[in-house]
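Fold and contact review
Each chain, written out:
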Amino acid sequence: MRKPLVAGNWKMNLDRRTAVDLLTHLKSLLHDLNDEVDVVVCPPSVYLDLASLEIKLSNIKMGAQNVAATTNQAATGEVSAEMLREFGCEYVIIGHSERRAMLGETDKQIAAKFAIARDAGITPIICVGEEGGDGLAVVSSQLRAVVDKLGMQAFENAVIAYEPVWAIGTGKSASPSQVQEMHEHIRELVTTDVRIVYGGSVKPENAEEIFAQHDVDGGLIGGASLKAQDFSDICHAAMSVAGR
Ligand code: 13P
């Protein structure tokens, strides 16, 4: 039985005050959050400390948006997996398409980050997805880099986020059947009972139908994670599907 996960990727949004407001509001809206769903917030790294204090004693977990691809401390500007762990991060997003596109992150670097996160006891949420064209070919080669480095068992207890680039921030989500089809292929590829979440314009209106698909284990939420009510509604959609 795979436990659904809903993670909010705040990207480079909010400031100290609005971050605290959002978490305060979320805690009260998610007071009924049960053990059937993992809910994670992923603030910018400079707000991890503040966020960890805010979510203390709540059921909300914390994740980071990136981790260094090296354990070498001569790495100006980078944040290590140990540091993330110290601030209470249980998850880390790896290989987001924005970082692949803007910073030229390669599959090899992403596989290195994946390994480093795992070694530090942090669950990687590895993002894969096509800009257009043959999605399965793109996703397969993105996942292959991790398998080549770590073997198939690397995905045990990891999370794969399928995020088609064309659906991110566009308001135009993939359809539930498109999502199901890709997730089913991914599951065949990696052969383990890995959690596969979907990201790309998930909102309260479409969350339940997407999450109800057989191979969908929750979502990675961008824009809608910045609004407490929307994020809470999406988490409740996951809870309602899990409770069936
Ligand atoms: P949106 O939900 O804003 O489309 O962003 C998805 C995303 O990139 C999550 O990582």
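Relevant structure appears above.
A few points about the site of the ligand
- Close contacts around the ligand come from Asn9, Lys11, His96, Glu163, Ala167, Ile168, Gly169, Gly200, Ser201, Leu220, Gly222 and Gly223, and that covers them all.
- Interatomic distance of 2.8 Å between a side-chain N/O atom of His96 and an oxygen atom of the ligand.
- Class assignment for the residues of the shell around the ligand results in three nonpolar, seven polar and two charged.

Description of the sheet that holds strand E1 (residues 5-9)
- Spatially, E1-E2-E3-E4-E5-E6-E7-E8 is the arrangement adopted by the eight strands of the closed barrel, whose pairing is parallel. Taking each pair of neighbouring strands and ignoring which way they run, the sheet shows an average axis angle of 25°.
- Of the pairings in the sheet, the one linking strand E7 (residues 195-199) to strand E8 (residues 218-221) comprises two bridges and is parallel in character. When the bridges of E8 are listed, Gly199 appears paired with Leu220.

Considering the pairing of strand E3 (residues 61-64)
- Pairing of strand E2 (residues 38-42) with E3 involves two bridges; the strand directions are parallel. Note that in E3 the partner of Val41 across the bridge is Met62.
- Handedness of the E2-helix H2 (residues 48-55)-E3 crossover: right-handed.
- Note: E3 against strand E4 (residues 89-94), three bridges, orientation parallel. The residue bridging Ala64 from the neighbouring strand is Val92, located in E4.
- Of the crossover connections in this fold, the one passing from E3 over helix H3 (residues 81-86) to the parallel E4 is right-handed.

Calculation rules
In this numbering scheme, every chain counts its residues from 1 along its sequence in written order. Restriction of local features to residues with pLDDT of at least 70 applies here, the model being predicted, together with a cutoff of 80 or more for giving and counting side-chain atom pairs; totals for whole chains, interfaces and linings are based on all residues. With hydrogens and water set aside, each side-chain value is computed from the structure's full complement of heavy atoms. One heavy atom within 4 Å of a molecule or strand is enough for the residue carrying it to be called near that molecule or strand. In the analysis that follows, any N or O atom pair within 3.5 Å is treated as a polar contact, provided that within protein one partner can donate a hydrogen and the other can accept it, and provided that, for residues neighboring in sequence, both atoms belong to side chains. The classification used treats Ala, Val, Leu, Ile, Met, Phe, Trp, Tyr, Cys and Pro as nonpolar, Asp, Glu, Lys and Arg as charged, and all other residues, Gly among them, as polar. In this scheme, strands are said to pair when DSSP sees at least two bridges between them. By definition, any uninterrupted DSSP run of H or I lasting at least four residues is a helix, any uninterrupted run of E lasting at least two residues is a strand, and each is numbered from the N terminus. Here, axes are lines fitted to C-alpha atoms. For helices the fit covers the stretch in contact, and angles between N-to-C directions go from 0 to 180 degrees. The handedness rule is simple: strands pointing away from the viewer, and a clockwise path from the first strand over the helix to the second, make the crossover right-handed.

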